[in-house]
Amino acid sequence: MNHSALRLNVRQADGPRLVVALTGAMDWNTAPQLREECVRLLADSPHLVLDVSAVTFCDSSGLSALVQLRRQALSAGGSVVLTSVPEHLLRLLEISGLGPVFVGDGAGHPPEPGGPTDPW
């Protein structure tokens, strides 16, 4: 099975947010693409909601890309949250301690930067 393909579908949401639907794998092969495309999007809108319902696989490179995107968004006064998180990705986020950092409600209410659940 070839997990190493990732598609991004972008749409404007209410307010200053972009919703990015990810389809495929977030892994060592696709992490650079994820970072590059989302960094470009952050230049237009500092608030990204990543719909990961169709993410089939995620490894440490995918998690690292998410952390890097979040740092960049926070430095611009923005945010990166995940929505529609599938069970396999939720488990990975919980194991890594990143669940409280990334899992928002998709309505612009991410965890507070620097709050007690923010390890970064």
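Everything discussed here concerns the structure shown above.
Just so it is clear, the model here is predicted, and its values are computed rather than measured.

Enquirer: Hey, could you go over the sheet that holds strand S3 (residues 47-58) for me, with residue numbers and the actual values?
Expert: A sheet is described by the order of its strands in space; here four strands give the open sequence S1-S2-S3-S4, paired in mixed fashion. With partners counted over all chains shown, the strands left at the sheet margins are strand S1 (6-12) and strand S4 (79-83), one partner each. Across this sheet, the average inter-strand angle for adjacent strands is 25°, counted without regard to direction. Bridge analysis of S3 against S4 gives five bridges, and the strand direction is parallel. Note that in S4 the partner of Leu48 across the bridge is Val80. Its contacts with the sheet put helix H2 (residues 60-75) on strand S2 (17-26), S3 and S4, and the angle it makes with S4 is roughly 140°. On the sheet, helix H3 (residues 87-96) packs against S2, S3 and S4 and is oriented at approximately 110° with respect to S3.

Enquirer: For the packing of helix H1 (residues 31-44) against H2, give the residues involved together with the corresponding values.
Expert: Angle between the axes and distance between the axes: these two values describe a pair of packed helices. Relative orientation of the contacting elements H1 and H2 amounts to 15°, with a least axis distance of 9 Å. The orientation of H1 with respect to H2, classified from their angle, is roughly parallel. Seen from above, H1 lies across H2 with right-handed handedness. Contacts between H1 and H2 involve Ala31, Leu34, Arg35, Cys38, Val39 and Leu42 from the former and Ser61, Gly62, Ala65, Leu66, Gln68, Leu69, Gln72 and Ala73 from the latter.

The rules behind these values
Residues numbered from 1 in each chain as written. Predicted model: local features only at pLDDT ≥ 70, side-chain atom pairs only at ≥ 80, totals over all residues. Heavy atoms only, no water. Pairing = 2+ DSSP bridges. Helix = DSSP H or I, 4+ residues; strand = E, 2+ residues; numbered from the N terminus. Axes fitted to C-alpha atoms, helices over the stretch in contact; angles between N-to-C directions. Contact = heavy atoms within 4.5 Å. Parallel < 35°, antiparallel > 145°, perpendicular 65-115°, else oblique. Left-handed = near helix turned anticlockwise from the far one by under 90°.

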